[in-house]
Amino acid sequence: MIKEIIKDKKGNGLILSCVVVLALSIIFFFIAEHSRTQMTISSVRDGLESVATNISTNNCDSIYQSQREGYFTSNILENDKWQPKIDKSNLDIFLKETLGAKKEGNIYVKRKKDGQIDFKLSDVKINITNPKLAPNNQEKNKSTFTVEVTGNLEVHKMFSVFSDTKNVNVNVGSKVGYMPKF
């Protein structure tokens, strides 16, 4: 039947070809939107990993090098006592440099050139685990200096005409631990 419609010279194939082109364009838009969303989520996750790595490396100068004990903690010796020393650094600068997002209130927003919102990153939290120096418990002795950065990502869709949902919401984060090279 389709073969006959295509071979027919009366112009009936015009409607079928328009429907096929429309269906293919809708499929293309869905694939493009899904790919763009996944790339945005991946790049934000990579950016948060970079932020956690930067904060971790900013603290590496004060990491207690404990080759024998096996734990790594950020402490400095002050007045004959070991005191925790943690440099939380400026999160706003790191997120602006790595993701291109500017802080608007409590939310980090990245906008496109035309001013539309590409994504929003909210509830950004930094959790730094600094183990105690020389713990008695063997399990705590295995812990290391870690930096965890988490947040809620809201990716705005470009082609939201065909779907009810406007945005994609995802929890993203990264955890980085200090490990000596030698």
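Note: the structure precedes this text.
What this report covers is the structure whose coordinates are included nearby. In every chain, residue numbers begin from 1 and rise along the written sequence. The predicted nature of this model means local features are confined to residues of pLDDT at least 70 and side-chain atom pairs, given and counted, to a pLDDT of 80 or more, with totals for whole chains, interfaces and linings taken over all residues. With hydrogens and water stripped out, all remaining heavy atoms of the structure feed into the side-chain values.

A few words now on a nonpolar patch on the surface. The residues that make up patches have over 30% relative accessible area and no salt bridge, and they are joined within 9 Å when like-charged or within 5 Å when they are Val, Leu, Ile, Met, Phe, Trp or Tyr. Only the protein chains shown count as cover for residues, and the accessible areas themselves come from Shrake-Rupley with a 1.4 Å probe. Any Lys or Arg side-chain nitrogen found within 4 Å of a carboxyl oxygen on Asp or Glu counts as a salt bridge. There is a patch of nonpolar side chains on the surface, built from Ile 2, Leu 16, Val 20, Leu 24, Ile 27 and Ile 31 and spanning about 550 Å² of accessible area. For the nonpolar patch, the element with the highest residue contribution is helix H2 (residues 13–58), accounting for five residues. Under the DSSP-based scheme used, a helix requires at least four consecutive residues in state H or I and a strand at least two consecutive residues in state E, with every element numbered from the N terminus. Structurally, Leu 24 can be placed in helix H2.

Take the pairing of strand S4 (residues 107–111) next. Two strands qualify as a pair provided DSSP detects at least 2 bridges between them. Bridge count for strand S3 (residues 102–104) against S4 is three bridges, and the pairing is antiparallel. What sits directly across from Lys 102, in S4, is Val 109. Between S3 and S4, which pair antiparallel in sequence order, lie two residues; one of them, Gly 105, sits at a positive phi of approximately 75°. Summarising the sheet, S4 and strand S5 (residues 117–129) pair through four bridges and their orientation is antiparallel. When the sheet's bridge partners are listed, Arg 111 is paired in S5 with Ile 117. Remark: five residues form the turn of the hairpin made by S4 and S5, two consecutive strands paired antiparallel; Gly 115 in that turn has positive phi of roughly 95°.

With that settled, the discussion passes to the environment of Asn 152. Within the secondary structure layout, Asn 152 lies in strand S6 (residues 146–156). Think of it in three bands: residues with accessible area under 20% of the maximum for their type are buried, residues over 50% are exposed, and the middle band is partly exposed, with areas taken using a 1.4 Å probe on protein chains only. A relative accessible area of 29% means that Asn 152 is categorised as partly exposed. Considering only alpha carbons, one finds Asn 152 and Asn 169, 17 residues apart in sequence, at a separation of 7.1 Å. Asn 152 has contacts with Lys 120, Leu 121, Ser 122, Asp 123, Val 170 and Asn 171, leaving out every residue within four places of it along the chain. Reaching out from Asn 152, the side chain makes a polar contact with the side chain of Asp 123 at a distance of 2.9 Å. Throughout, a residue-residue contact means that at least one pair of heavy atoms, one from each residue, lies within 4.5 Å. Each polar contact in these results corresponds to two N or O atoms within 3.5 Å; when the atoms are within protein, one needs to be able to donate a hydrogen and the other to accept it, and residues that are neighboring in sequence are counted only if both atoms are side-chain atoms.

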